[in-house]
Amino acid sequence: MFIFSMQVDSVKSCQWMAILFPERMSKVRAILFEGYVEEVLAALQESNCFHLVDIKERLPRWNEIPHAIPPREDVGTYRRQLQRVNRLLEDLGFVKTMGILEQLFKPRERPPIEVTLEGEKELLARAEQVLAEAEDDVEQNILRYRLVREFLLAIQRLKIGVNELRSSASLSVRTGSIPSDAAEEVEMELASKIGSASLYAAAAKERRRFVVVLSYPGVSEQVDVILKNNGFQEIAIPPQLSGPPTKSLSTLDLRSKKIARKYQSSLHILHDALLTKTARLEALSKLGRTERTYVMEGWVPLSMVEDATRIIQRHSDGLATVLVSPPDDPVAQVPTKLHNNRALRPFEMLTEMYGTPAYNEVDPTPFFGAFFVLFMGLMSADLAGGMIIALGGALMLRGAGSRTTRMRQLSLIVISVGVSSAVLGALTGEFMGGILPLPSIIISTVEDPIGFLLAVLVLGVIHVVLGLILGAYTHAVNRDLRNLVTGDLAWLLLMAAGGMFLITGDVGFSGQGLVNYGLAITSLILLLLGQGPASLLDITRLISNIISYVRIMAINLASAWMTRTFALLASLIAGAAIVGLPLAAILMLFSYMFIITISLFVTFAHSLRLHYVEFFGKFFKGGGNRFSPLTSTREYTTVAAKTGGGSVVT
Amino acid sequence: MSSPEILVMTIGGAGLAIGLAGIGASIGQRMAASASTMLMAERPERFGLSLILTVLVETSAIYGLLVSIIVLVGLGGVSSSDQAMGALSAGLCVGVAGFCTGVGEGVAASASVGAVAEREAIFGKSLVLTVLPETGAIYGLLIAVLILRASGFLGTPPTHAEGAGIASLYASLVVSTTSVTSYLQGRVGASAISSASKREEVFGRNLIFVVLLESVSIYGLLISILILSYTGLL
């Protein structure tokens, strides 16, 4: 049930819910005493319910009483601290570059750290102290030995112990690096001018070569001159290192790991706390200010208004004034929040990739999700392939999906596509290009391509008609009768007329034929009246839109025949003695994985295109203002469920 | 043993399939690979993404290879000029379509590599715009496969419809000529990618401009299918 209540140019009476529309919004204005502002903002960040509006755009509505707040100067301080944290995380080895397979399939190493807001606040207050201590420790125990570590790694192949790298009474040893192009020259110069000196060169790094120079103490000065003239830089080996290089390297690694463990929690918590704090201070500049109070204005989903009000009152000791009202702004200013169920939520990112629905527009995600999975399944219908895709999606969910929400959503889409492909493969009797002959339950796309062609055209008609119906619904709810009647209904009548002509075959001027002509002429008149003569050109575009669904059949058959051809090749190779069967199996495996991978990209792009062009083009304009609530960005932490619960910051 | 003319046409078809499609894919891949090598100097960590974009361009050559193999494997069973003409038509169809697609996809892929160099997050949208021109090669492969099936190359008995060879040739010419839109789509796609990398919210609208060009190849596919259907080849 829904009630028509909204007008075309502005949105009123938002208490009425319209099915399939984005979540209804309420406008919330709050006046707070200055001492409570940051706490309220911090709490709202954790609730993800408040879309803050810049007060500078709204001052006339506040009778120009509050004034705008300039950007806070301390934001720079917190940003610099964040940079120091990131540098420390890198130095301590927490930031690792991952290859594409690792990015997709490697699970998150550690679960998020549970923190409390009070604990975070306390750590932020000590941030300078914590950072200074960590930086000093890292400098003394890690950075200082970084070059030594690289040197020891390089000289491993020289089979020299660390103890032998120190000078003694009878032998002078120098350790360091020289420019790579000077190494040979120095070696020759030492040999010719000082016959008793030897240079051992190890691996190069960034145009310098690590070297060990041995000489008698008596010629030390001459050796020093030659080395100095050729850009030698000394690397001092710390006295506490001894034994083979591997042992020293192990000592240095253990030291690094110990320091990393010491600061890991604090730095991760500080990282997220600083990100959140910086965002909060930037949000402050969107508020207005009087002598003793702050004013803020924003949007809250209707279902969360009570929670938002409670949060504001609780964190301001009940002294805030909160005003809630329905939206009375132009549609373009009201933010759009999609609110689909768990099964469809992953597809919201694909809808928004095209554009955010306007506040008074239908959310196409439910239909998008269903048809997208269907189309991809049809294009890549194969029982074995579908199972492999679903498995890949499950591994992605465990890997990248454990790290970010976006990857989690993408993994769920891949799993649903895999399932769809497997089911449709079973129904059409496809299993690895016919290697295992399965009976087709509905239609065999390979045996009956024309039947499949007709089926996808019918599917295309259904999809386009659905788009027109959604367009009609949108115009009806917005009381845009003109576009409803002379646009959506006219096109639907024209399609009905075309369908009746095709089904009945009656083109005469009596009986059914007359009805068909009546429908067609009525629709053409409506189109001309509403959209002008140019709308007649859109008739060919409509035909083109429907024919475009032929690509489903084309891509399905292309994949099926590619698999069959490789299977044919494999069968030819399998006949060869001894190596035939294994080679055939390898060929089949690699070619099949290649076909699945390419097919995923192709079917994804074309399913997307069918929706964005043929479907969305009938009803969806986008251009909405995306709901972007105050939020806390947390990479390493999560706020404990109960205040005061969870781990305390150390 | 088949007559020399039949052999020439059949083997010619196999050659055209891989030759033309391969040249197109090579030209396209050269563009994408050159852009990728330049990217490595600035952003070596984007190797995986640029590799995906570069490899995608090769698919039209694979379609050509497949048709070539199908024709050569079935060479022994060719006994009529209609079958030979079918092989030649299939090779022409997938070869020309593959050529246009390879070059078009290469233009789009090199623009995508450039966009990814600026911003990694644009990869998904760039990928979609890069793959769109592949429709031409897919249509070419489809018509080639249908022609080969009717000519007895895929384990099915050859059709004995009158004028089957000429019908195959005309069906193939229709799809071949309309596949030029794939190259043009690639050019428009490249502009769309550059535009979307500056303003991501215009991706959807840019997509519409890219696919506008595809109407012609869709009409070509439909006419080819109708030719094959009405001449008894389908």
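Notes on the structure in this doc start here.

Parameters and conventions
Residues numbered from 1 in each chain as written. Chains lettered and ligands numbered in written order. Predicted model: local features only at pLDDT ≥ 70, side-chain atom pairs only at ≥ 80, totals over all residues. Heavy atoms only, no water. Helix = DSSP H or I, 4+ residues; strand = E, 2+ residues; numbered from the N terminus. Rg over C-alpha atoms; globule rule 2.2 N^0.38 Å. Buried < 20%, exposed > 50% of the residue type's maximum accessible area, 1.4 Å probe, protein only. Contact = heavy atoms within 4.5 Å. Areas by Shrake-Rupley, 256 points an atom, 1.4 Å probe, with all protein chains shown as cover. Salt bridge = Lys/Arg side-chain N within 4 Å of Asp/Glu carboxyl O. Polar contact = N/O pair within 3.5 Å; in protein donor to acceptor, adjacent residues only side chain to side chain. Nonpolar A, V, L, I, M, F, W, Y, C, P; charged D, E, K, R; others polar. Axes fitted to C-alpha atoms, helices over the stretch in contact; angles between N-to-C directions. Parallel < 35°, antiparallel > 145°, perpendicular 65-115°, else oblique. Phe/Tyr/Trp six-rings, centres within 6.5 Å; stacked < 30°, edge-to-face > 60°.

Looking now at the overall build of chain B. A count of helices and strands for chain B gives 10 helices and 0 strands. Counting from the amino terminus, helix and strand elements in chain B follow one another as α-α-α-α-α-α-α-α-α-α. In summary, chain B has a C-alpha radius of gyration of 19 Å against a globular reference of 17 Å for 234 residues, a match within 12%. With the C-alpha coordinates aligned to their principal axes, the bounding extent of chain B is approximately 60 × 30 × 20 Å. For chain B, with 234 residues in total, the buried portion stands at 57%. Residue pairs in contact within chain B that sit at least 24 positions apart in sequence constitute 86% of those at least 6 positions apart. Accessible surface for chain B amounts to roughly 8,500 Å². Of this, 68% is attributable to carbon and sulfur atoms.

Quick look at the interface of chain B and chain A now. Taken together, the 41 residues of chain B in the interface contact 40 residues of chain A. Counting across the chain B and chain A interface gives 2 salt bridges. Ionic pairing is found between Arg609 of chain A and Glu214 of chain B, a salt bridge with its closest N-O pair at 3.1 Å. Linking chain B to chain A there are 3 residue pairs in polar contact (both at pLDDT 80 or more). Those elements that provide at least two residues to the side of chain B that touches chain A are helix H2 (47-56), helix H3 (59-73), helix H5 (123-131), helix H6 (135-150), helix H9 (203-212) and helix H10 (214-230) of chain B. Per-class residue counts for the side of chain B that touches chain A are 30 nonpolar, 5 polar and 6 charged.

All names here are of chain B. Direction vectors running N to C along H5 and H9 enclose 10°, while the axes themselves pass 11 Å from each other. With respect to H9, the element H5 is oriented roughly parallel. Here H5 contributes Lys125, Val128 and Leu129 to the contact with H9, which in turn contributes Phe203, Leu207 and Val210. Its residues assigned to classes, the contact of H5 with H9 shows 5 nonpolar, no polar and 1 charged.

Residue and element names in this part refer to chain A. For the structure on display, the rule yields 20 aromatic pairs over all chains. Ring geometry for Phe151 and Phe210: centres 5.8 Å apart, planes at 85°, overall edge-to-face. One end of the pair, Phe151, is in helix H6 (residues 146-154); the other, Phe210, is in strand E7 (residues 208-215), with 59 residues separating them in the sequence. Phe210 shares its class with Phe151; the two are buried. Taking the centre distance of 5.5 Å and the plane angle of 15° together, the rings of Phe368 and Phe372 count as stacked. With Phe368 and Phe372 both in helix H12 (residues 365-379), this residue pair falls 4 residues apart, about one helical turn.

Coordinates in, geometry out; function isn't part of it.
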